[in-house]
Amino acid sequence: MSKMKWVFSLVLRILALGATVSAAIVMGTSREKASFLSLSFEAKFSDIPSFKYFVIVEAVASLYCFLVMFLPARSSLWRFTIISDLIFTMLLTSSIAAALAVAQVGKYGNSHAGWLPICGQVPRYCDHVSGALGAGFAAVVIFLAILLSAIYSFLNPRLI
Amino acid sequence: MASGNEGQKIEADRLAPMPLSERKGFPVLLTLRLIAFFATASATIVMALNKERKALVVATIGSTPVEATLSAKFQDTPAFVFFVVANAMASLHNLLMMALETFGDSFDCKGMRLIVIAILDMMTVVLASGADGAAVFMADLGKNGNTHARWNKICDKFETYCDQGGGALIASSVGLLLLLLITALSIMRLLKPNPKPIPHNNNLVTIP
């Protein structure tokens with residue numbers, strides 16, 4: 001890879017690192033105590049398996065971004081990063097979709113299944129989680145940009 | 001000049017797949033696309049036909065039980081609607097790509113064919129993975145409920161609905177794995193074009 005392409009890919013990966021780390025941390029620190037009908041309960045992210053999956057996938061993706069940033073520009077492993085970028089994009093998309101599906105039930109409920117929305121009792125928890133989901137969505141978009149730019153950077157030298 | 005034109009044509013050819021008449025060996029990509037098409041199409045159809053009606057006793061007035069007919073359909077959950085739509089799109093994409101590979105040799109894509117196939121494959125795999133993840137976690141919520149949020153499980157009352165949904169999820173997971181493999185193969189095919197021998201044009205050399 002030439003120097004310019006390596007620098008461009010590095011900038012994108014730093015953005016992706018920021019997005020995934022912030023999504024993992026914001027979701028991991030979301031908790032709120034509420035009392036409802038003389039019962040006090042605490043809403044944490046670990047109550048819902050979908051949010052746990054989201055935190056785990058974002059953390060692993062941020063670790064991957066961090067490790068790839070240290071790959072030297074002339075290494076032959078850059079072709080392999082396209083496939084691993086694809087796998088991580090897939091994992092990130094499935095985690096954000098799962099977290100969004102359950103968060104939608106939490107905010108609006110599901111009358112057919114008899115599930116009541118919980119955002120009325122823990123509004124700050126809901127806002128916190130929404131922030132984490134926004135960061136997760138930004139991470140997906142940046143990872144897609146990384147994937148497309150990686151394919152573009154490998155395509156151009158072959159056209160000579 | 002003619003030789004410059006030939007040079008450009010050769011570069012465009014480097015990014016095109018081999019024509020059907022020259023291909024030898026087992027068509028791996030085509031077979032994978034066929035299996036993925038069947039997997040995603042069956043996931044779509046099984047989930048779209050997922051419906052169960054049940055008469056349940058909801059209250060008792062005096063000594064007569066009051067029965068209400070409750071139904072569980074896939075449209076109740078937005079995640080399952082997304083699942084059906086995304087799997088339908090993935091199976092349509094596979095069908096189109098199979099048709100393009102077998103019958104599309106005469107289309108002049110100006111050297112963009114492999115790039116477009118790779119990018120469309122990537123978008124389809126991302127869409128299918130999102131649908132699969134959302135549907136799996138919603139199904140887990142329906143099967144086990146969530147005691148912290150006081151959401152009851154529904155699978156003990158609607159067993160057929162849950163089983164059919166589970167079957168659709170398994171088919172979609174198989175389709176997703178195959179789509180990932182297909183995308184990886186498409187990207188490898190894009191980055192390693194088959195070298196075509198440069199044609200030796202004897203009739204362009206004029207011997208004075």
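Values in this document were obtained by computation on a predicted structure and should not be read as measured data.

> So what's going on with the overall build of chain B? Residues and values would help.
Counting its regular elements, chain B contains five helices and two strands. Taken from N to C terminus, the helices and strands of chain B fall in the order α-α-β-β-α-α-α. By the burial criterion, 40% of the 208 residues in chain B qualify as buried. Within chain B, contacts between residues at least 6 apart in sequence are counted, and of these 76% link residues at least 24 apart.

> Describe the interface of chain A and chain B, and please don't skip the residues or the numbers.
Facing the 36 residues of chain A at the interface are 37 residues of chain B. Contact between chain A and chain B buries roughly 3,300 Å² in total, counting both sides, with carbon and sulfur atoms accounting for 76%. The tally of links between chain A and chain B comes to zero salt bridges. At the boundary of chain A and chain B, one finds six residue pairs in polar contact (both at pLDDT 80 or more). Elements that contribute at least two residues to the side of chain A that touches chain B include exactly α2 (49-68), α3 (78-108) and α4 (123-155) of chain A. By residue number, the principal contributor to the side of chain A that touches chain B is α3 of chain A, which donates 16 residues.

> Kindly report on the packing of α3 of chain A against helix α5 (residues 159-191) of chain B, identifying the contributing residues and their values.
Each pair of packed helices can be described by the angle between their axes along with the distance between the axes. Here α3 of chain A crosses α5 of chain B at 150°, and the two axes come no closer than 11 Å. Classified by the angle between their axes, α3 of chain A and α5 of chain B sit roughly antiparallel to one another. Handedness of the α3 of chain A/α5 of chain B crossing: right-handed. Listed contacts from α5 of chain B to Arg79, Ile82, Ile83, Leu86, Ile87 and Met90 of chain A of α3 of chain A are Leu176, Leu180, Thr183, Ala184, Ile187 and Leu191 of chain B. Taken together, the residues that form the contact of α3 of chain A with α5 of chain B break down as 10 nonpolar, one polar and one charged.

> Report on the packing of aromatic side chains, specifying residues and quantitative values.
Residue and element names in this part refer to chain B. What the rule picks out here adds up to five aromatic pairs over all chains. When the ring of Phe37 is compared with that of Phe38, the centres are 5.6 Å apart and the planes differ by 50°; the resulting orientation is tilted. A relative accessible area of 51% places Phe38 in the exposed class.

> Tell me what's going on with α3 of chain A, and back it up with residues and numbers.
Taking 1.5 Å per residue, 31 residues should reach 45 Å; α3 of chain A reaches 44 Å between its end C-alpha atoms and fits that length. Looking one or two residues past α3 of chain A, Gly109 of chain A carries a phi angle of roughly 70°, positive in sign.

> Outline the packing of helix α1 (residues 3-28) of chain A against α3 of chain A, listing residues and values.
All names here are of chain A. Axis separation between α1 and α3 bottoms out at 14 Å; the angle between their running directions is 25°. The orientation of α1 relative to α3 falls into the category roughly parallel. Seen along the crossing, α1 lies across α3 with a hand that is left-handed. In contact with Trp6, Ser9, Arg13 and Thr20 of α1, α3 contributes Trp78, Thr81, Asp85 and Leu92. Class assignment for the residues of the contact of α1 with α3 results in three nonpolar, three polar and two charged.

Definitions and cut-offs
- Residues numbered from 1 in each chain as written.
- Chains lettered and ligands numbered in written order.
- Predicted model: local features only at pLDDT ≥ 70, side-chain atom pairs only at ≥ 80, totals over all residues.
- Heavy atoms only, no water.
- Helix = DSSP H or I, 4+ residues; strand = E, 2+ residues; numbered from the N terminus.
- Buried < 20%, exposed > 50% of the residue type's maximum accessible area, 1.4 Å probe, protein only.
- Contact = heavy atoms within 4.5 Å.
- Buried area = accessible area lost by both parts, 1.4 Å probe.
- Salt bridge = Lys/Arg side-chain N within 4 Å of Asp/Glu carboxyl O.
- Polar contact = N/O pair within 3.5 Å; in protein donor to acceptor, adjacent residues only side chain to side chain.
- Axes fitted to C-alpha atoms, helices over the stretch in contact; angles between N-to-C directions.
- Parallel < 35°, antiparallel > 145°, perpendicular 65-115°, else oblique.
- Left-handed = near helix turned anticlockwise from the far one by under 90°.
- Nonpolar A, V, L, I, M, F, W, Y, C, P; charged D, E, K, R; others polar.
- Phe/Tyr/Trp six-rings, centres within 6.5 Å; stacked < 30°, edge-to-face > 60°.
- Expected span 1.5 Å × (residues − 1).

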